[in-house]
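The chain contents come next:
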Amino acid sequence: MAEFSTNPATLGASRMDDGPRGPRPRRVLSSTNIMLYGTLIIVALYYLLPLYVMIVTSLKDMTEIRMGNVFSPPVEVTFQPWVKAWAEACTGVNCDGLSRGFWNSVRILIPSVLLSITIALISGYTLSKWKFKGSEIFFAILIVGAFIPYQVMLYPIVILLRDSGIGISNAINTVWLPVCETFGGECRRVRVQLFGSLSGLVIVHSIFGMPILTLLFRNYFASIPEELFKAARVDGAGFWGILFRIMLPMSLPILVVAIILQVTGIWNDFLFGVVYTRAEAYPMTVQLNNIVNSVQGIKEYNVNMAATLLTGLVPLTIYFVSGKLFVRGIAAGAVKG
Amino acid sequence: MTATLRIAEGHSPAPKSEVGHSVQVKDLDLQFGAVKVLNDLNLDIGEGEFLVLLGPSGCGKSTLLNCIAGLLEPTDGQIWIKGQNVTWKEPNERGIGMVFQSYALYPQMTVEGNLSFGLKNARMPKDEIRRRVARAAEILQIEPLLQRKPGALSGGQRQRVAIGRALVRDVDVFLFDEPLSNLDAKLRADLRVEIKRLHQQLRNTMIYVTHDQVEAMTLADRIAIMKGGVIMQLGTPDEIYNRPQSLYVADFIGSPSMNFITGHLEGGTFKAGGMSGGVVLPMEGYRFATPQVGDRPAVIGIRPEHVITGELVASAPVTHEVTVELVEPMGSDTLVWAQVAGERFRIRMDGQARVAPGDRLPIGIDPSRASLFDKKTEDRL
């Protein structure tokens, strides 16, 4: 290559005569570029400004905030608001800050993400590669579920969770109590509670994640060549064999997409969290609201800002970490077999 | 050939001996909703035979192969392999190996992983797996590639691995679904020879689906030409080429394709065209399919390569003169376009022939090498 890119100064003169040659020269500072990048920079600043204000405010103490210079950086940096937001802020009777909500959210998030992705992976795989009679109708019904507003289903699900909790308890007890008594132990009734507990919320999240995730997986698996699936069947792999040994190793990109979708969706959820759990089990978002919107006492802006940033930290991290993974995943998937 | 065929249409060759069935397709029907893809199809494939299913896209040839493999459930009928009814068996229980057009290698596994996947699923001991993989790799000369992933292989190498995947399973029947269609012309010719060599070496039954007539003619012991879910003709490449049973088969096989002249059969002589440029072909020496053929409208088919040119014209049974309209030089031979009895007529000449548009060209026709069809039924006369 290097040999051919000869010095333009020596060759230029002789080549001038026969007109344009090679790549067309492009001006970096053209009016189009100035407009384009100028607009982009302004829009970026506009969207970054609130974040800047939040960070700056969370690092000031209340006296400095009261002086009113919203945009000025803190004169004296203090991390006290962050500590207070995490460990001391009061919601109702609990004064252990956001940490309780954080751990609640983690305990909701992990099983919900695992359960919803597992269910959607299997149903998407079935609906694309093991079509059965009526599978298309089944899929259509599932997709319709995505279009029904959540609010319509809120109360029915409250009843459903409450009653199925009671039902499961009764079912277990009718078997468990007689067995227990024959061995002469101290027997207490087993009580399964779905409504108001974390497990209930996990179930709700898994159900509501199903339509969109199933669609995602179904379409991804549908794009995997049919012949690969046939080859695996000739090789004697069954339903699970093909899923785990052929399809799953090829699904990293779509798994990352599903994880991003579910982690941010479930972490940011407020409605289900406030409806289907009790005060001690509130997820972080609900607790954040309770801290920020408390009407008693003075408004501690710095604590509120710190609390909000803390809550937003998880989805933010997911975006940063998985963004890279996402690109790598797509690149790995691009190698055709 | 050790097999018989019964075709719904009726032109069945005489049943041959019943020894060594490998694959039998019995009264197979397949419908997708209201669409009949396969229609009461019967096929007997002998032990060690190389059968090619040939036809245009959508004729049901791949569907038939998928039915034999057990990847598609037939609406009705049976599949027998090695004297066993396998209609309800899973693909891996049928003793078949399959090679696909798109190779269908597992992208995340190495070549060795691809070859051993089926054996691992069958819970075969590790030593045996290693032995079989090594043998297949040796036969196909892919030993240096064993630790590579499919993404790092060329098209030809990928298809070898795909063949190897069928080979390691040590099956009775190989199924090929257009295995060479994704390769470029040169590689296709190379791999075609290699598949033929493989068949001579292994003597397995092979069923091969293609739309490429060169592949069909070169590889097959017998060719089944399919159209609209039925077999139009089943026979050796020689039979198919020289004695096509219908106008469809005659037109489908051969490149450049056969010349057809519509006319009339009168007292054993074929006549076409009016006063100018008409032809009269006495059909002496032509082997009629049935002994008594009455007068009727007919179509005669003459292959461009069977048209006699040059010095031999004088000794030809029928001679004629045409005006050259177009010349297509192709190196090894030259295709000349002209008109006979008002219809397009192609003549294949030697590549060294010097002809130009406008030339008068004497040609000779040998009616015994032609094919005569009934105009209405399109069946061979």
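Being a predicted model, the structure only gives us computed values, none of them experimental.

Asker: Explanation requested: the nonpolar core in the structure shown.
Answerer: When a protein is soluble and globular, its nonpolar side chains tend to lie buried together. By size, the foremost hydrophobic cluster in this structure holds 89 residues, and its most contacted members are Leu-43, Leu-64 and Ile-207 of chain B. The element contributing the most residues to this core is helix H5 (residues 99-129) of chain A, with nine residues. Core analysis: the next-biggest nonpolar cluster, separate from the first, contains 46 residues, Tyr-103, Ile-142, Phe-176 and Leu-198 of chain B among them.

Asker: Looking at this structure, I do not really get empty space enclosed by the protein. What am I missing?
Answerer: One pass over the structure, following the stated rule, counts four cavities of 30 Å³ or more. The volume enclosed by the largest cavity comes to roughly 60 Å³. Around the largest cavity sit Ala-231, Val-234 and Asp-235 of chain A together with Gly-97, Met-98, Phe-100, Arg-165, Ala-166 and Arg-169 of chain B, which together line it. Of all the secondary-structure elements, those providing two or more residues to the lining of the largest cavity are helix H9 (226-234) of chain A together with strand S6 (96-99) and helix H4 (155-167) of chain B. Of the residues belonging to the lining of the largest cavity, the class tally is five nonpolar, one polar and three charged.

Asker: In this structure, what is going on with the layout of surface pockets? I would like to understand it.
Answerer: A water-sized probe rolled over the atoms picks out the places where empty space is left. Estimated volume of the largest pocket: approximately 770 Å³. Taken together, the elements giving at least two residues each to the lining of the largest pocket come down to H5 and H9 of chain A together with strand S4 (76-81) of chain B. In terms of residues, the lining of the largest pocket owes the most to one element, H9 of chain A, which gives four residues.

Asker: Sorry, what's going on with the packing of helix H7 (residues 150-182) of chain A against helix H8 (residues 198-223) of chain A here?
Answerer: Helices that pack against each other are described as a pair by the angle of their axes relative to one another and the distance between those axes. All names here are of chain A. As a packed pair, H7 and H8 sit with axes 12 Å apart at the nearest point and diverge in direction by 140°. One way to sum up the angle between H7 and H8 is to call them oblique. Remark: the crossing between H7 and H8 carries right-handed chirality. Along the contact surface, H7 presents Tyr-150, Met-153, Ile-157 and Leu-161, while H8 presents Gly-200, Val-204 and Phe-208. When its residues are assigned to classes, the contact of H7 with H8 shows six nonpolar, one polar and no charged.

Asker: I'm lost on the interface of chain B and chain A in this one. Help?
Answerer: Frequently, the measure chosen for interface size is the accessible area removed from exposure when the parts meet. Chain B puts 29 residues into the contact, and the matching count from chain A is 17 residues. Counting the contacts that link chain B with chain A gives two salt bridges. Linking Arg-169 of chain B and Asp-235 of chain A is a salt bridge whose minimum nitrogen-to-oxygen distance equals 3.9 Å. Taken together, the connections running from chain B to chain A amount to nine residue pairs in polar contact (both at pLDDT 80 or more). If you list the elements that add at least two residues to the side of chain B that touches chain A, you get S6, helix H2 (111-121) and H4 of chain B. Ranked by residue count, the leading element in the side of chain B that touches chain A is H2 of chain B, at five residues. Taken together, the residues of the side of chain B that touches chain A sort by class into 12 nonpolar, 11 polar and six charged.

Asker: What exactly am I supposed to notice about the sheet that holds strand S14 (residues 296-302) of chain B here?
Answerer: Hydrogen bonds along the backbone pair up the strands of a sheet, which may run parallel or antiparallel. All names here are of chain B. Judged by pairing direction, the sheet is antiparallel, and its five strands sit side by side in the order S13-S12-S11-S14-S20 without closing on themselves. The strands lining the two open edges of the sheet, one partner per strand, are strand S13 (279-282) and strand S20 (371-374). Ignoring which end each strand starts from, the neighbouring axes of this sheet average 35° apart. In terms of strand pairing, S14 meets S20 through four bridges, oriented antiparallel.

Asker: Sorry if this is basic, but what is going on with the sheet that holds strand S3 (residues 50-54) of chain B here?
Answerer: Residue and element names in this part refer to chain B. The mixed open sheet is built from six strands, whose spatial order is S6-S7-S8-S3-S9-S10. The sheet is open, and its two borders are formed by S6 and strand S10 (230-235), each paired with just one other strand. Neighbouring strand axes in the sheet, compared pairwise and without regard to direction, differ in orientation by 20° on average. Alignment of strand S7 (residues 173-177) against strand S8 (residues 205-210), held across five bridges, turns out to be parallel. Looking across to S8, one finds that Phe-176 is bridged to Tyr-208.

Asker: Sorry, what's going on with the domain arrangement of chain B here?
Answerer: All names here are of chain B. In terms of domain boundaries, chain B breaks down into domain 1 (21-95 + 171-250) and domain 2 (256-374). One C-alpha centre belongs to domain 1, the other to domain 2; they are set 33 Å apart. Contact with domain 1, which involves nine residues of that partner, is made by 10 residues of domain 2. Run the count over domain 1 and domain 2 and you get zero salt bridges. Viewed at the interface, domain 2 and domain 1 are joined by three residue pairs in polar contact (both at pLDDT 80 or more). When contributions to the side of domain 1 that touches domain 2 are tallied by element, the ones reaching two or more residues are helix H7 (237-242) and helix H8 (247-252). Counting residues per element, the side of domain 1 that touches domain 2 draws most heavily on H7, at three residues. Taken together, the residues of the side of domain 1 that touches domain 2 break down into five nonpolar, three polar and one charged.

Asker: How do you make sense of the state of the cysteines when you look at a structure like this?
Answerer: In a disulfide, the sulfur atoms of two cysteines are held together by a covalent bond. Residue and element names in this part refer to chain B. Within this structure, the stated rule accounts for zero disulfides over all chains. Residue Cys-59 stays outside any disulfide, its sulfur separated by 13 Å from that of Cys-67, the closest cysteine. For Cys-59, a relative accessible area of 3% gives the class buried.

About the thresholds
- Residues numbered from 1 in each chain as written.
- Chains lettered and ligands numbered in written order.
- Predicted model: local features only at pLDDT ≥ 70, side-chain atom pairs only at ≥ 80, totals over all residues.
- Heavy atoms only, no water.
- Core = buried A, V, L, I, M, F, W, Y, C linked by side-chain atoms within 4.5 Å.
- Buried < 20%, exposed > 50% of the residue type's maximum accessible area, 1.4 Å probe, protein only.
- Helix = DSSP H or I, 4+ residues; strand = E, 2+ residues; numbered from the N terminus.
- 1 Å grid on protein atoms, 1.4 Å probe; cavity = no way out; pocket = protein on both sides within 12 Å on 5 of 7 lines; lining within 4 Å.
- Points joined across faces, edges and corners; volume = space filled by probe spheres on them.
- Nonpolar A, V, L, I, M, F, W, Y, C, P; charged D, E, K, R; others polar.
- Axes fitted to C-alpha atoms, helices over the stretch in contact; angles between N-to-C directions.
- Parallel < 35°, antiparallel > 145°, perpendicular 65-115°, else oblique.
- Left-handed = near helix turned anticlockwise from the far one by under 90°.
- Contact = heavy atoms within 4.5 Å.
- Salt bridge = Lys/Arg side-chain N within 4 Å of Asp/Glu carboxyl O.
- Polar contact = N/O pair within 3.5 Å; in protein donor to acceptor, adjacent residues only side chain to side chain.
- Pairing = 2+ DSSP bridges.
- Domains from an automatic or database assignment.
- Disulfide = S-S within 2.5 Å.

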